Amino acid sequence: MSVPLLHLQDHLTRLTLAPSLGASLVNWQAKATGQALLRPADPTALASASPRRLGGYPLAPWSNRIGDGGFANPDGWLALAPNTEHDPYPIHGSAWQQAWQVAHHSERRARLTLDSQVPFAYQATLDVHLLAGCLNLDLHVTHRDARPMWHGLGLHPYFPRHRETRLHAPAHSVWLAEQGQLPTRQAPIPAQWNFARLLALPDDTVDHAFSGWAGECMIAQPGYRLACRATGAGHFLLFCPAGQPFFCFEPVSHPINAHHLPGRPGLKLLEQGQALSLGLRLHYQPDQSS
C-alpha cells in the first residue's frame, strides 16, 4: 500500500509524517550521522498502515486504557468498545485511527487537522515544527459535541532502545494495579524505576503512569541526547517491553483509566467550543565527541 508522506527538514534533522495514518511520525533522523531519533520505520512497517509500528502519534480525546466499557459524563454514559485486536480495553482515543488532513506544509512546518465524530464530535490540530534540531509538537483539541465530555490528551513517541540508553525524568509517584492493566492506587517509585537521575531502563516490562512530573526529561543515546520539555502534561507513561529494541515515553494529561479514578486526575470536562492543548519539544543534542 502506498502511503502519502510529508517531508520536513532543518539544518540538523529530517522528519517524515504520514497524515493518513493517524498523523503519525514515521522517521526522524540526524542528517550528519543518519541516526534514528525516533524508532525507525522501514518500508514493511509503513506498508502495515499501523501507527503502532511507526515513530509516534497523537492521543485524543484520551490516552491509554479505559475500563468498564466506557465512562460517565454529565449527560449520561458514553459506551466504548475495544478498538484494537490486541487489547481488551478501548485504548488511546480515536485520533490515531483516523486519516488527518494537511492544512499547511512547508520545509520546516506542517499543520494537520482532524474533524472527528468518533466517539463524539471534536476537532484536533497537530502543529509540527523543526528548528535547529528541535522537534516541536503542539496538539490542540476543541470540543464540538453538544454534550459536555471528559477529555484528555497525550503524545506517543517510540524511541530506539540501546544497551547504553539512559532516561532522566523525575516524578513523585507511580500508579500500580492490584491485578490486570488498570491502576487503582499511587505508590512510591521503586528504585529501578526512579529516574530522578540518569538511569538505565529496567530489564523487566514496564507499562505504568508516573505522576507529579514537571515536564522535563532527558534521553541519553549513543552519540546524542534528546532534551525534552512538555507542557499541559503533569504525567508520563513509560512503556518498556522486555526484549524489544524500542521504548515509549509518553507525555500525557492524565494517568491510565483516569475516567474511573477518584477525582478524574488530569481530565478536563469540556463544553462545546472549549479546548485543551498539550505540547512536546524534543531537542537533538549531538555529543561533541561524535
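Residues numbered from 1 in each chain as written. Predicted model: local features only at pLDDT ≥ 70, side-chain atom pairs only at ≥ 80, totals over all residues. Heavy atoms only, no water.

**Comments concerning the overall build of the protein**
Under the convention used in this document: Labels follow the DSSP assignment, with helices taken as runs of H or I lasting at least four residues and strands as runs of E lasting at least two, numbered in each case from the N terminus. Accessibility here uses a 1.4 Å probe with only protein chains present; expressed as a share of the type maximum, an area under 20% marks a residue as buried, one over 50% as exposed, and anything in between as partly exposed. Here a residue-residue contact requires only that any non-hydrogen atoms of the pair lie within 4.5 Å. Here the accessible surface of atoms and residues is derived via Shrake-Rupley with a 1.4 Å probe, and residues count as covered only by protein chains that are part of the display. Under the counting rule used here, the positive set is Lys and Arg, the negative set is Asp and Glu, and His together with the chain ends is not counted. Charged groups are reduced to one reference atom each: NZ for lysine, CZ for arginine, CG for aspartic acid, CD for glutamic acid.
Scanning the protein from terminus to terminus reveals 1 helix and 23 strands. Across the 290 residues in the protein, those meeting the buried criterion constitute 55%. The long-range fraction of contacts in the protein, counting pairs at least 24 apart against all pairs at least 6 apart in sequence, stands at 63%. If you sum the accessible surface of the protein, you get close to 12,300 Å²; carbon and sulfur atoms cover 50% of it. Separation of charge centres in the protein, based on 21 positive and 20 negative side chains, amounts to 5 Å.

**Concerning the pairing of strand E23 (residues 275-286)**
Within a regular strand, side chains alternate between the sheet's two faces. Going by this rule: Only when DSSP finds a minimum of two bridges between them are two strands counted as paired.
Judged from the 9 bridges that link them, strand E10 (residues 134-143) and E23 form a sheet pairing that is antiparallel. In the strand pairing of E23, Leu-137 is matched with Leu-280. Pairing of strand E19 (residues 224-231) with E23 involves 8 bridges; the strand directions are antiparallel. Bridging from a neighbouring strand, Ala-227 pairs with His-283 of E23.

**Section: the sheet that holds E23**
Judged by pairing direction, the sheet is antiparallel, and its 9 strands sit side by side in the order E7-E8-E9-E10-E23-E19-E18-E13-E16 without closing on themselves. Either end of the sheet is taken by a strand with one partner, and the two such strands are strand E7 (101-105) and strand E16 (199-200). In this sheet, strand E8 (residues 109-116) lies alongside E7 in antiparallel orientation, the contact comprising 4 bridges. Bridge assignment links Val-102 to a residue of E8, and that residue is Leu-112.

**Concerning the side chain of Asn-27**
Counted only if it meets this: We call two N or O atoms a polar contact when they sit within 3.5 Å, provided that within protein one can donate a hydrogen and the other can accept it, with sequence-adjacent residues counted only if both atoms are side-chain atoms.
Checked against the element boundaries, Asn-27 lands in strand E3 (residues 24-30). Here the side chain of Asn-27 touches Ala-41 through a polar contact of 2.8 Å, landing on its backbone nitrogen.

**Focus on the layout of surface pockets**
For clarity, the cut-off: We place a 1 Å grid over just the protein atoms. Points where a 1.4 Å probe fits but has no way out form a cavity, open points with protein on both sides within 12 Å along at least 5 of 7 lines form a pocket, and any residue with an atom within 4 Å of a point lines it. Grid points are joined across faces, edges and corners, and a volume is the space filled by probe spheres set on the points.
The volume enclosed by the largest pocket comes to roughly 260 Å³. What lines the largest pocket is a set of 16 residues, and nearest its centre among them are Arg-52, His-86, His-92, His-156 and Phe-239. Sorting the residues of the lining of the largest pocket by element identifies strand E12 (154-160) and strand E21 (246-252) as the ones contributing at least two each.

**Describing the environment of Val-118**
Among the structural elements, Val-118 can be located in the loop between E8 and strand E9 (122-131). As for Val-118 and Gly-93, which are separated by 25 residues in sequence, their C-alpha atoms are 8.9 Å apart. Setting aside its immediate chain neighbours within four residues, Val-118 contacts Ser-94 and Gln-98.

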